[in-house]
Amino acid sequence: MKCLALIPLALALLTAPLAAQPLGRCGGDTATRQDGAAHVSVADLAVNGEAQRLVLLSPPTPRATLLMLPGGAGKIGIRCDGTFAHPANFLVRTRALWLSRGYAVLIPDAAGNRTLRGRRSTPAYAQTVRALAAFAKEHAGGPVILMGTSQGSIAAMNAAAHLRDGEIAGLVLTESVSRLGGSGETVFDAHPKQVDVPVLVVANTDDACFVAPPQDAPKIVAGLTHAPSVHLLNVSGGVLKSKPCGSLSPHGYYRIEDTTVAAIAAWIDAHLK
(Lines give C-alpha, C1' and ligand atoms only; values in the text may rest on other atoms or scores of the structure.)
Protein backbone atom coordinates (compact mmCIF):
# COMPACT_ATOMS: atom_id res chain seq x y z
CA MET A 1 0.00 0.00 0.00
CA LYS A 2 2.09 2.84 -1.30
CA CYS A 3 1.59 5.87 -3.49
CA LEU A 4 4.29 8.23 -4.60
CA ALA A 5 3.90 11.58 -6.32
CA LEU A 6 6.86 13.66 -7.48
CA ILE A 7 6.06 17.36 -7.78
CA PRO A 8 8.87 19.78 -8.65
CA LEU A 9 7.92 23.14 -7.09
CA ALA A 10 9.53 26.53 -6.63
CA LEU A 11 10.47 27.30 -3.02
CA ALA A 12 8.14 30.25 -3.05
CA LEU A 13 5.19 27.97 -3.66
CA LEU A 14 5.88 26.09 -0.44
CA THR A 15 4.57 29.02 1.57
CA ALA A 16 1.75 29.93 -0.83
CA PRO A 17 -1.60 28.14 -0.86
CA LEU A 18 -2.13 25.66 -3.70
CA ALA A 19 -5.45 24.37 -4.96
CA ALA A 20 -6.57 22.11 -2.15
CA GLN A 21 -6.75 18.39 -2.86
CA PRO A 22 -9.09 16.25 -0.74
CA LEU A 23 -7.78 14.15 2.11
CA GLY A 24 -7.80 10.40 1.59
CA ARG A 25 -5.56 7.83 -0.04
CA CYS A 26 -3.44 9.18 -2.88
CA GLY A 27 -3.48 7.26 -6.16
CA GLY A 28 -0.50 7.53 -8.48
CA ASP A 29 0.93 10.81 -9.78
CA THR A 30 -1.09 13.80 -8.61
CA ALA A 31 0.72 16.70 -10.32
CA THR A 32 3.91 17.59 -12.15
CA ARG A 33 5.50 20.99 -12.48
CA GLN A 34 8.94 21.48 -14.01
CA ASP A 35 10.36 24.61 -12.43
CA GLY A 36 13.19 22.72 -10.78
CA ALA A 37 13.57 24.18 -7.29
CA ALA A 38 12.36 21.22 -5.23
CA HIS A 39 10.68 17.84 -5.47
CA VAL A 40 7.69 17.06 -3.28
CA SER A 41 6.89 13.38 -2.75
CA VAL A 42 3.66 12.28 -1.07
CA ALA A 43 3.43 8.64 -0.01
CA ASP A 44 1.31 6.27 2.03
CA LEU A 45 3.53 3.61 3.59
CA ALA A 46 2.24 0.43 5.18
CA VAL A 47 3.68 0.59 8.70
CA ASN A 48 2.46 -1.41 11.70
CA GLY A 49 -0.61 -2.46 9.77
CA GLU A 50 -1.83 1.01 8.83
CA ALA A 51 -1.23 3.62 6.16
CA GLN A 52 1.37 6.19 7.20
CA ARG A 53 1.07 9.39 5.14
CA LEU A 54 4.23 11.45 4.64
CA VAL A 55 5.52 14.29 2.53
CA LEU A 56 9.17 14.53 1.45
CA LEU A 57 10.41 17.86 0.11
CA SER A 58 13.84 17.76 -1.44
CA PRO A 59 16.21 20.12 -3.27
CA PRO A 60 18.16 18.63 -6.21
CA THR A 61 21.16 17.50 -4.11
CA PRO A 62 20.23 17.56 -0.41
CA ARG A 63 23.03 17.70 2.14
CA ALA A 64 20.88 15.75 4.63
CA THR A 65 17.25 14.93 5.36
CA LEU A 66 15.50 16.42 8.39
CA LEU A 67 12.86 13.98 9.63
CA MET A 68 10.51 16.38 11.38
CA LEU A 69 8.06 15.24 14.05
CA PRO A 70 5.41 17.89 14.83
CA GLY A 71 3.72 18.32 18.19
CA GLY A 72 0.13 18.41 19.38
CA ALA A 73 -1.94 15.45 18.27
CA GLY A 74 0.33 15.01 15.24
CA LYS A 75 -2.58 15.45 12.82
CA ILE A 76 -1.42 17.92 10.17
CA GLY A 77 -3.61 16.75 7.28
CA ILE A 78 -1.17 16.07 4.43
CA ARG A 79 -3.04 16.24 1.12
CA CYS A 80 -2.07 14.40 -2.07
CA ASP A 81 -0.69 17.61 -3.58
CA GLY A 82 1.72 18.11 -0.68
CA THR A 83 -0.25 20.87 1.04
CA PHE A 84 -1.42 20.73 4.64
CA ALA A 85 -4.81 21.12 6.27
CA HIS A 86 -3.05 22.30 9.44
CA PRO A 87 0.20 24.09 8.49
CA ALA A 88 0.85 26.23 11.61
CA ASN A 89 3.30 23.94 13.43
CA PHE A 90 6.83 25.34 13.62
CA LEU A 91 8.35 22.44 11.71
CA VAL A 92 5.70 22.56 8.98
CA ARG A 93 5.68 26.29 8.41
CA THR A 94 9.50 26.59 8.23
CA ARG A 95 9.97 23.93 5.56
CA ALA A 96 10.92 26.47 2.87
CA LEU A 97 13.63 27.90 5.14
CA TRP A 98 15.20 24.47 5.51
CA LEU A 99 14.97 23.76 1.79
CA SER A 100 16.69 27.05 1.02
CA ARG A 101 19.63 25.86 3.13
CA GLY A 102 19.96 22.68 1.09
CA TYR A 103 18.17 20.24 3.38
CA ALA A 104 15.46 17.80 2.42
CA VAL A 105 12.49 17.72 4.80
CA LEU A 106 10.32 14.69 5.60
CA ILE A 107 7.16 15.29 7.64
CA PRO A 108 4.78 12.47 8.65
CA ASP A 109 1.09 12.77 9.48
CA ALA A 110 -0.74 10.89 12.22
CA ALA A 111 -1.56 7.51 10.67
CA GLY A 112 -5.27 6.84 10.39
CA ASN A 113 -5.95 10.38 11.58
CA ARG A 114 -5.59 9.03 15.13
CA THR A 115 -4.02 11.19 17.81
CA LEU A 116 -0.39 10.49 18.65
CA ARG A 117 -0.83 11.71 22.23
CA GLY A 118 0.32 9.00 24.60
CA ARG A 119 1.81 6.87 21.80
CA ARG A 120 5.04 8.64 20.96
CA SER A 121 7.20 6.94 23.62
CA THR A 122 6.17 3.41 22.59
CA PRO A 123 8.37 0.85 20.79
CA ALA A 124 5.74 0.68 18.04
CA TYR A 125 6.12 4.36 17.23
CA ALA A 126 9.90 4.02 17.21
CA GLN A 127 9.42 1.42 14.48
CA THR A 128 7.25 3.84 12.54
CA VAL A 129 10.03 6.43 12.65
CA ARG A 130 12.52 3.73 11.58
CA ALA A 131 10.42 3.15 8.44
CA LEU A 132 10.29 6.90 7.79
CA ALA A 133 14.07 7.20 8.13
CA ALA A 134 14.55 4.33 5.68
CA PHE A 135 12.22 6.04 3.22
CA ALA A 136 14.23 9.27 3.56
CA LYS A 137 17.50 7.47 2.81
CA GLU A 138 16.02 5.67 -0.18
CA HIS A 139 14.38 8.69 -1.78
CA ALA A 140 16.58 11.63 -0.71
CA GLY A 141 19.89 10.09 0.29
CA GLY A 142 22.44 11.36 2.77
CA PRO A 143 22.31 11.33 6.57
CA VAL A 144 19.02 11.66 8.46
CA ILE A 145 18.60 14.09 11.36
CA LEU A 146 15.60 13.62 13.67
CA MET A 147 13.94 16.86 14.72
CA GLY A 148 11.01 17.05 17.13
CA THR A 149 9.09 19.93 18.61
CA SER A 150 6.93 20.00 21.76
CA GLN A 151 5.13 16.62 21.91
CA GLY A 152 7.07 15.65 18.79
CA SER A 153 10.29 15.76 20.82
CA ILE A 154 9.01 12.71 22.69
CA ALA A 155 8.78 10.84 19.39
CA ALA A 156 12.20 12.05 18.27
CA MET A 157 13.86 11.07 21.56
CA ASN A 158 12.17 7.66 21.53
CA ALA A 159 13.21 6.92 17.96
CA ALA A 160 16.79 8.05 18.60
CA ALA A 161 16.88 5.68 21.58
CA HIS A 162 15.97 2.72 19.35
CA LEU A 163 17.63 3.42 15.97
CA ARG A 164 21.19 2.22 15.55
CA ASP A 165 24.07 1.62 13.12
CA GLY A 166 23.84 4.86 11.18
CA GLU A 167 20.07 4.93 10.73
CA ILE A 168 20.20 8.53 11.98
CA ALA A 169 23.07 10.99 12.31
CA GLY A 170 21.75 13.34 14.98
CA LEU A 171 18.84 14.52 17.09
CA VAL A 172 17.35 18.00 17.55
CA LEU A 173 14.82 18.58 20.36
CA THR A 174 12.93 21.88 20.41
CA GLU A 175 10.64 23.11 23.21
CA SER A 176 10.39 19.57 24.49
CA VAL A 177 7.51 18.40 26.67
CA SER A 178 9.23 17.63 29.97
CA ARG A 179 6.28 17.77 32.39
CA LEU A 180 3.13 15.68 32.39
CA GLY A 181 0.06 17.04 30.67
CA GLY A 182 -2.85 15.57 28.79
CA SER A 183 -0.76 13.09 26.78
CA GLY A 184 0.57 11.32 29.87
CA GLU A 185 4.16 11.14 28.60
CA THR A 186 7.29 13.31 28.45
CA VAL A 187 10.74 13.14 26.89
CA PHE A 188 11.93 11.46 30.09
CA ASP A 189 9.66 8.51 29.26
CA ALA A 190 11.37 8.16 25.87
CA HIS A 191 14.60 6.53 27.08
CA PRO A 192 17.09 9.44 26.87
CA LYS A 193 19.88 7.27 28.33
CA GLN A 194 19.76 5.06 25.21
CA VAL A 195 20.40 7.85 22.69
CA ASP A 196 23.85 7.43 21.12
CA VAL A 197 24.02 10.23 18.50
CA PRO A 198 24.88 13.94 18.85
CA VAL A 199 22.01 15.97 20.31
CA LEU A 200 20.95 19.61 20.22
CA VAL A 201 18.43 20.75 22.85
CA VAL A 202 16.76 24.08 22.03
CA ALA A 203 14.90 26.10 24.66
CA ASN A 204 13.22 29.49 24.33
CA THR A 205 13.62 31.42 27.58
CA ASP A 206 10.31 33.17 26.77
CA ASP A 207 8.35 29.92 26.39
CA ALA A 208 5.35 30.02 28.78
CA CYS A 209 3.99 26.56 27.94
CA PHE A 210 3.46 24.81 31.27
CA VAL A 211 4.51 21.35 30.00
CA ALA A 212 7.72 22.60 28.36
CA PRO A 213 9.34 25.08 30.76
CA PRO A 214 12.75 26.29 29.57
CA GLN A 215 14.26 25.69 33.00
CA ASP A 216 13.91 21.94 32.38
CA ALA A 217 16.25 22.01 29.37
CA PRO A 218 19.39 21.36 31.48
CA LYS A 219 17.63 18.29 32.97
CA ILE A 220 17.04 16.98 29.46
CA VAL A 221 20.71 17.53 28.64
CA ALA A 222 21.76 15.75 31.82
CA GLY A 223 19.60 12.74 30.97
CA LEU A 224 21.38 12.11 27.65
CA THR A 225 24.23 10.28 29.32
CA HIS A 226 25.31 8.12 26.37
CA ALA A 227 25.13 10.71 23.59
CA PRO A 228 28.63 11.50 22.24
CA SER A 229 27.87 15.22 22.48
CA VAL A 230 24.96 17.30 23.77
CA HIS A 231 24.59 21.04 23.24
CA LEU A 232 22.02 23.35 24.85
CA LEU A 233 20.92 26.26 22.66
CA ASN A 234 18.98 29.02 24.41
CA VAL A 235 16.97 31.42 22.28
CA SER A 236 14.59 34.19 23.27
CA GLY A 237 11.70 36.17 21.86
CA GLY A 238 8.59 35.41 19.89
CA VAL A 239 5.04 36.73 19.69
CA LEU A 240 2.01 35.26 21.46
CA LYS A 241 -0.88 34.90 18.98
CA SER A 242 -2.20 31.53 20.16
CA LYS A 243 -2.36 29.81 23.53
CA PRO A 244 1.03 29.58 25.28
CA CYS A 245 1.45 25.94 24.18
CA GLY A 246 0.16 26.65 20.67
CA SER A 247 2.20 26.97 17.50
CA LEU A 248 1.88 30.75 17.15
CA SER A 249 3.69 31.62 20.34
CA PRO A 250 7.21 31.72 21.75
CA HIS A 251 6.72 27.95 22.28
CA GLY A 252 6.48 27.69 18.47
CA TYR A 253 9.14 30.37 17.78
CA TYR A 254 6.49 32.58 16.17
CA ARG A 255 8.11 35.58 14.48
CA ILE A 256 11.63 34.37 15.35
CA GLU A 257 11.65 31.53 12.83
CA ASP A 258 14.55 32.86 10.73
CA THR A 259 16.99 33.25 13.62
CA THR A 260 15.96 29.99 15.25
CA VAL A 261 16.35 28.02 12.02
CA ALA A 262 19.73 29.67 11.40
CA ALA A 263 20.98 28.71 14.88
CA ILE A 264 19.81 25.10 14.56
CA ALA A 265 21.24 24.84 11.04
CA ALA A 266 24.64 26.04 12.28
CA TRP A 267 24.74 23.13 14.74
CA ILE A 268 23.62 20.63 12.09
CA ASP A 269 26.18 21.91 9.59
CA ALA A 270 28.95 21.55 12.16
CA HIS A 271 27.98 17.93 12.81
CA LEU A 272 27.75 17.02 9.13
CA LYS A 273 31.38 17.94 8.45
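Residues numbered from 1 in each chain as written. Predicted model: local features only at pLDDT ≥ 70, side-chain atom pairs only at ≥ 80, totals over all residues. Heavy atoms only, no water.

(A) Broad picture of the nonpolar core. Ranked by internal contacts, the top residues of the largest apolar core, which has 46 residues, are Leu67, Leu146, Met157, Leu171 and Val195. When residues in this core are grouped by element, the largest group, seven residues, is from helix α4 (residues 151–162). The residues contacting Met157, other than those within four sequence positions of it, are Leu171, Leu173, Val187, Ala190, Pro192, Val195, Ile220 and Leu224. Leu91, Trp98, Ala265 and Ile268 belong to the second-largest nonpolar core, a separate cluster that totals 32 residues. (Core = buried A, V, L, I, M, F, W, Y, C linked by side-chain atoms within 4.5 Å. Buried < 20%, exposed > 50% of the residue type's maximum accessible area, 1.4 Å probe, protein only. Helix = DSSP H or I, 4+ residues; strand = E, 2+ residues; numbered from the N terminus. Contact = heavy atoms within 4.5 Å.)

(B) Broad picture of the side chain of Asn204. Examined against the element boundaries, Asn204 turns out to sit in strand β8 (residues 199–204). One polar contact links the side chain of Asn204 to the main-chain amide nitrogen of Asp206, over a distance of 2.9 Å. (Polar contact = N/O pair within 3.5 Å; in protein donor to acceptor, adjacent residues only side chain to side chain.)

(C) Highlighting the environment of Gly170. Assignment of secondary structure puts Gly170 in strand β7 (residues 170–174). Given a relative accessible area of 1%, Gly170 falls into the buried group. Separated by 24 residues in the primary sequence, Gly170 and Leu146 place their C-alpha atoms 6.3 Å from one another.

(D) Examining the layout of surface pockets more closely. Within this model, the largest pocket holds a volume of roughly 460 Å³. Forming the walls of the largest pocket are 27 residues, and the residues nearest its centre are Gly71, Gly72, Ala73, Arg117 and Cys245. Its residues assigned to classes, the lining of the largest pocket shows ten nonpolar, 15 polar and two charged. (1 Å grid on protein atoms, 1.4 Å probe; cavity = no way out; pocket = protein on both sides within 12 Å on 5 of 7 lines; lining within 4 Å. Points joined across faces, edges and corners; volume = space filled by probe spheres on them. Nonpolar A, V, L, I, M, F, W, Y, C, P; charged D, E, K, R; others polar.)

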